[in-house]
Amino acid sequence: MSSITRRIAALFRIKANKALDKAEDPREVLDHSYEQQLRMLQRVRRGVADVATSRKRVDLQLNQLEQSTGKLQDQAQRALAVGREDLAREALIRRTAVASQITDLQTQQQSLRAQEEKLTLAAQRLQGKVDSFRTRKETLKATYTAAEAQTRITEAVTGIGEEMGDVGLAMQRAQDKTEQLQARAGALDELIASGALEDATLPAGRDDIQAELERVSAGQDVEIELARMREQLPASAAPPAVEAGESSKNPPDQETTK
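## Describing the nonpolar core
Val51, Val58, Leu62, Leu65, Leu72, Val98, Ile102, Leu105 and Leu112 form the largest nonpolar core, which has nine residues in total. Looking at this core, the elements with two or more residues in it are helix H2 (26–81) and helix H3 (85–158). Ranked by residue count, the leading element in this core is H2, at five residues. Ignoring sequence-local partners within four residues, the contact set of Val98 consists of Leu65, Ser68, Thr69 and Leu72. Residues Tyr34, Leu41, Val44 and Val130 belong to the second largest nonpolar core, which totals eight residues.

Printed below as a string of structure tokens:
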């Protein structure tokens, strides 16, 4: 049972892959990949901006702490000048704490600057790859479109395309049906001429004997009409008959002469 299930699952995967291959448009896939790369580039640029913002904040803090260090140094000197050693000592203690903070911020500043430079370089490289991919994408899309158009034209000319194939099949069926009807009509005409079939358009009871009698009767009617027309001709128009009579009398005259 598990073997049948695996075979059915494999069959469905094959059918699904074929359907996807047929529905998939490479141009849409290329555009989708390009959009994904643009999103990635946007995230990298956003990361560069975030790191740069953090570094700028550290720069401002360092500037403030350095100003505070100078101020505490000045306060310690003035306190010592007026004989307030305790105030001078307090100012120097604070100055030492601020100096420690400055050291920490400087380390953080260097780290942020290194990250910023690294991300900036990565963004530049990614920008170059995205631009190169865009050029290749447009070239491939144009090539695919041209190949698709050429294929459709060739299929239309040769008649192997789906649409033209249907038209060709319809024309073939029409031609076959026409030839079949012509052959049937010819066969029926031959059968009617041979007498194997009767012509349904003729009057009922009409057969071949009757047809022959009518033909003979029609011939007799023609002969009777010709005889009547001869009788109506004038006498001067009948030389052939006189000549025939004279020709019949000539042989005795010739004998008498002899």
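## Things to note about the packing of aromatic side chains
This model, assessed by the stated rule, comprises zero aromatic pairs. One Lys or Arg, Lys137, reaches over the ring of Tyr34 and ends 5.0 Å from the middle of that ring.

## Considerations on the environment of Lys71
With respect to the helices, strands and loops of the structure, Lys71 is situated in helix H2. Lys71 sits in the exposed class, given a relative accessible area of 55%. Along the backbone, Lys71 and Ala91 are 20 residues apart, and their C-alpha atoms lie at a distance of 9.1 Å.

## Side note on the side chain of Gln109
When you line up the elements, Gln109 lands in helix H3. Residue classification places Gln109 among the buried residues on the basis of a relative accessible area of 15%. If we ignore the near neighbours within four places in the chain, the residues touching Gln109 are Arg55, Val58, Asp59 and Leu62.

Definitions and cut-offs
- Residues numbered from 1 in each chain as written.
- Predicted model: local features only at pLDDT ≥ 70, side-chain atom pairs only at ≥ 80, totals over all residues.
- Heavy atoms only, no water.
- Core = buried A, V, L, I, M, F, W, Y, C linked by side-chain atoms within 4.5 Å.
- Buried < 20%, exposed > 50% of the residue type's maximum accessible area, 1.4 Å probe, protein only.
- Helix = DSSP H or I, 4+ residues; strand = E, 2+ residues; numbered from the N terminus.
- Contact = heavy atoms within 4.5 Å.
- Phe/Tyr/Trp six-rings, centres within 6.5 Å; stacked < 30°, edge-to-face > 60°.
- Lys NZ or Arg CZ within 6 Å of the ring centre and 35° of its normal.

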